[in-house]
Amino acid sequence: ESNDAEALAVNGHQVEWKCLKTLIDSGASENVMSSKTTPWIPTKDSEGSRRGQTYSSANGSPMKNEGQKNINFITDDGQSLSTTWQIAEVTKPLRSAARICDNGMSVHFFADGGYMEDTTSKRRLYFNREGNQYTHNEWVKASGFTRPSE
């Protein structure tokens, strides 16, 4: 996760944005992030939270599904997308490669990065490799308000 924030002009208004550095994870069963990652976006009940679903952390301890958030974001190259994230106390936002594929995309990993590709339109979303992790920057509005740009 990144604390990077920028003010961008959108339709004549300054909008605060936060860059979420998500990890593309081939072992994650769901897209999962902490509620602390985007505290200004409300968490809603999900099917998993209502039935008491838990996830296993890397060390095997259970993490409670606390609900879900629907998040609109913009990629580094300006593409607008939306993702539903399950909420649990993970340390970094994990984007599930399985969920990416379930949503009509393929995932391609290479030594220096990779991309997600829409299997119909062939539109690609590129991601980076940082050490042994594949990361994707997702820009999210950092608050519910805008201020006029100068």
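In the block above lies the structure referred to throughout.
Residues numbered from 1 in each chain as written. Predicted model: local features only at pLDDT ≥ 70, side-chain atom pairs only at ≥ 80, totals over all residues. Heavy atoms only, no water.

(A) Fine view of the environment of Leu23. Relative to the elements of secondary structure, Leu23 occurs in strand S2 (residues 13-25). Those residues in contact with Leu23 that lie beyond four places of it in its chain are Lys92, Pro93, Leu94, Arg95, Gln133, Tyr134 and Thr135. (Helix = DSSP H or I, 4+ residues; strand = E, 2+ residues; numbered from the N terminus. Contact = heavy atoms within 4.5 Å.)

(B) Quick look at the environment of Tyr134. Topologically, Tyr134 is positioned in strand S12 (residues 133-141). Put simply, Tyr134 and Phe109 are 25 residues apart on the chain and 8.3 Å apart in space, counted from C-alpha to C-alpha. Those residues in contact with Tyr134, other than ones at most four positions away along the chain, are Thr22, Leu23, Ile24, Phe109, Phe110, Gly113, Phe127, Asn128 and Arg129. Reaching out from Tyr134, the side chain makes a polar contact with the backbone oxygen of Phe110 at a distance of 2.9 Å. (Polar contact = N/O pair within 3.5 Å; in protein donor to acceptor, adjacent residues only side chain to side chain.)

(C) Layout of the packing of aromatic side chains. Inspection of every chain in the model, using the stated rule, returns five aromatic pairs. Measuring from ring centre to ring centre gives 5.8 Å for Phe127 and Tyr134, while their planes differ by 90°; the resulting arrangement is edge-to-face. What makes Phe127 buried here is its relative accessible area of 3%. Here the aromatic cluster, defined as three or more aromatic residues joined through ring pairs, consists of Phe109, Phe127 and Tyr134. One residue, Arg124, lies across the ring of Tyr115, its end atom 4.0 Å from the ring centre. (Phe/Tyr/Trp six-rings, centres within 6.5 Å; stacked < 30°, edge-to-face > 60°. Buried < 20%, exposed > 50% of the residue type's maximum accessible area, 1.4 Å probe, protein only. Lys NZ or Arg CZ within 6 Å of the ring centre and 35° of its normal.)

(D) Quick peek at the pattern of salt bridges. Applying the stated rule across the entire model yields seven salt bridges. Ionic pairing is found between Arg99 and Glu30, a salt bridge with its closest N-O pair at 2.8 Å. Note that Arg99 is positioned in helix H2 (residues 97-102) and Glu30 in the loop between S2 and strand S3 (32-33), a separation of 69 residues in sequence. In this structure Arg99 comes out as partly exposed when scored by relative accessible area, which is 27%. Taking the relative accessible area as the measure of exposure, Glu30 reaches 19% and is therefore buried. A salt bridge links Glu89 to Lys36, with the nearest nitrogen and oxygen atoms 3.7 Å apart. Here Lys36 lies in the loop between S3 and helix H1 (47-50) and Glu89 lies in the loop between strand S7 (80-87) and strand S8 (94-96), a separation of 53 residues in the sequence. According to the relative accessible area criterion, Glu89 is partly exposed, its value standing at 36%. (Salt bridge = Lys/Arg side-chain N within 4 Å of Asp/Glu carboxyl O.)

(E) Structural context of the nonpolar core. In terms of nonpolar packing, the biggest core is built from 18 residues, with Ile24, Val107 and Met116 touching the most fellow members. At the level of secondary structure, the elements contributing two or more residues to this core comprise S2, strand S6 (68-75), S7, H2, strand S9 (105-110), strand S11 (124-130) and S12. Here this core takes three residues from S7, the largest share from any one element. Aside from chain neighbours lying at most four places away, what touches Met116 is Ile24, Arg95, Ile100, Met105, Ser106, Val107, Arg123, Arg124, Leu125, Phe127 and His136. Counting residues in hydrophobic clusters, the runner-up holds five residues, among them Val32, Tyr55, Met63 and Ala88. (Core = buried A, V, L, I, M, F, W, Y, C linked by side-chain atoms within 4.5 Å.)

(F) Region of interest: the pairing of S6. Residues Lys69, Ile71, Phe73 and Thr75 point to one face of S6 and are all buried, whereas Gln68, Asn70, Asn72 and Ile74, pointing to the other face, are not buried. Pairing of S6 with S7 involves seven bridges; the strand directions are antiparallel. Directly across from Gln68, in S7, lies its bridge partner Gln86. Adjacent in sequence and paired antiparallel, S6 and S7 are bridged by four residues, among which Gly78 carries a positive phi angle near 90°. Sheet analysis places S6 next to S12, joined by two bridges and oriented antiparallel. When the bridges of S12 are listed, Thr75 appears paired with Glu138. (Pairing = 2+ DSSP bridges.)

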